[in-house]
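Secondary and tertiary structure notes
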Amino acid sequence: MEGISMLRPEAAVFEKTLQGFGDHQRARRLSPGTIKDRARIVRQVQAFSGGYPWEPVWNLAMFDRWSAMLADSVATTTMRGYQGDLALYLTYLSDPAYEWPQVCMERFGTFAGFALRDLNSVRHSQEYMGQPSGNRPLTRPEIKLFFRQMDPEIKRLRAAGHKGALAAARDLAMFTTMYGWGLRRREMARLETYDWRRQAKLPEFGDHAGLAVRWGKAAGPGQPPKRRMVISVWPWAVRTVLNRTGSSRDSIS
């Protein structure tokens, strides 16, 4: 690894490992936000340990203390994510193909290796790992109440000449589209009017018989957004979107 400054060799090598780790992730087309967040976690652990990844201080006991500190301040899923980010960095650092073990041994005479293992990490043993006391899905009566109260509010704002009436009508169309076609937030935010499609078997919906989702959840890290077509099912949802402030008091079935 040429070009490493010797003024502060430990800090310089550490920064070079983070730079290489970033390039490694960019080569897999991971997002800049993901790369930045992972580097932040590595820097936090380095500051917590008071040493560098190749030093003996990066051992099981240190990771236990770090994880115990996290356990008091973050959710289980967040803690597992932080541990996973750190494990990816250590995997990169320990891979002989990137020569960091050799560099560390030549310059510092030590290389601690991979010290974060299943033994001291949160296991992903079930699909949902949130707390039972956390957010819950709305019940069907609550969903009906939510939609039914929006029309009177829009009419009240219009009658008062309030400029918020347009925003409220937009929100009604947005929430209706998310609920009626089962969209994620990102999928909803990236929609355009030309994403509506006709369907030969659903002539009653006209131009709004299907919704082409172009920004679906990717199949894996570094993959492009996954496209899908969502077929219209509920006439009340189509009417509400078409009318912007159309009646949402129809039966939600």
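Residues numbered from 1 in each chain as written. Predicted model: local features only at pLDDT ≥ 70, side-chain atom pairs only at ≥ 80, totals over all residues. Heavy atoms only, no water.

The description of two helices packed together rests on the angle between their axes and the distance between the axes. Direction vectors running N to C along helix α1 (residues 9-26) and helix α5 (residues 100-108) enclose 175°, while the axes themselves pass 12 Å from each other. Classified by the angle between their axes, α1 and α5 sit roughly antiparallel to one another. Residue-level inspection shows P9, E10, V13, K16 and T17 of α1 in contact with α5, the latter providing W100, R107 and F108. Of the residues assigned to the contact of α1 with α5, the class counts are four nonpolar, one polar and three charged. (Axes fitted to C-alpha atoms, helices over the stretch in contact; angles between N-to-C directions. Helix = DSSP H or I, 4+ residues; strand = E, 2+ residues; numbered from the N terminus. Parallel < 35°, antiparallel > 145°, perpendicular 65-115°, else oblique. Contact = heavy atoms within 4.5 Å. Nonpolar A, V, L, I, M, F, W, Y, C, P; charged D, E, K, R; others polar.)

Volume-wise, the largest pocket comes out at about 400 Å³. As for the largest pocket, its lining consists of 16 residues, of which L30, T34, G220, P221 and G222 are closest to the centre. Elements supplying a minimum of two residues to the lining of the largest pocket: α2 (32-49) and α4 (76-94). Its residues placed into classes, the lining of the largest pocket shows six nonpolar, five polar and five charged. (1 Å grid on protein atoms, 1.4 Å probe; cavity = no way out; pocket = protein on both sides within 12 Å on 5 of 7 lines; lining within 4 Å. Points joined across faces, edges and corners; volume = space filled by probe spheres on them.)

With that settled, the discussion passes to the sheet that holds strand β1 (residues 196-197). Consider a sheet: its strands pair through backbone hydrogen bonds, and that pairing is either parallel or antiparallel. One open sheet accounts for three strands, arranged β1-β2-β3; its pairing is antiparallel. If you trace the sheet from one side to the other, it starts and ends with β1 and β3 (226-231), each paired once. (Pairing = 2+ DSSP bridges.)

Scanning the model with the defined rule gives nine salt bridges in all. Put simply, D171 and R170 hold a salt bridge, and the shortest N to O gap is 3.0 Å. A residue is classified by how much of its surface remains accessible, and R170, at 52% relative accessible area, is exposed. Here R228 and E187 are joined by a salt bridge, their closest N and O atoms 2.7 Å apart. Pair noted here: R228 is in strand β3 and E187 is in helix α9 (residues 185-189), with a separation of 41 residues, a long-range link. With relative accessibility at 31%, the residue R228 sits in the partly exposed group. Linked through salt bridges whose partners overlap, the residues forming this network are R184, E187 and R228. (Salt bridge = Lys/Arg side-chain N within 4 Å of Asp/Glu carboxyl O. Buried < 20%, exposed > 50% of the residue type's maximum accessible area, 1.4 Å probe, protein only.)

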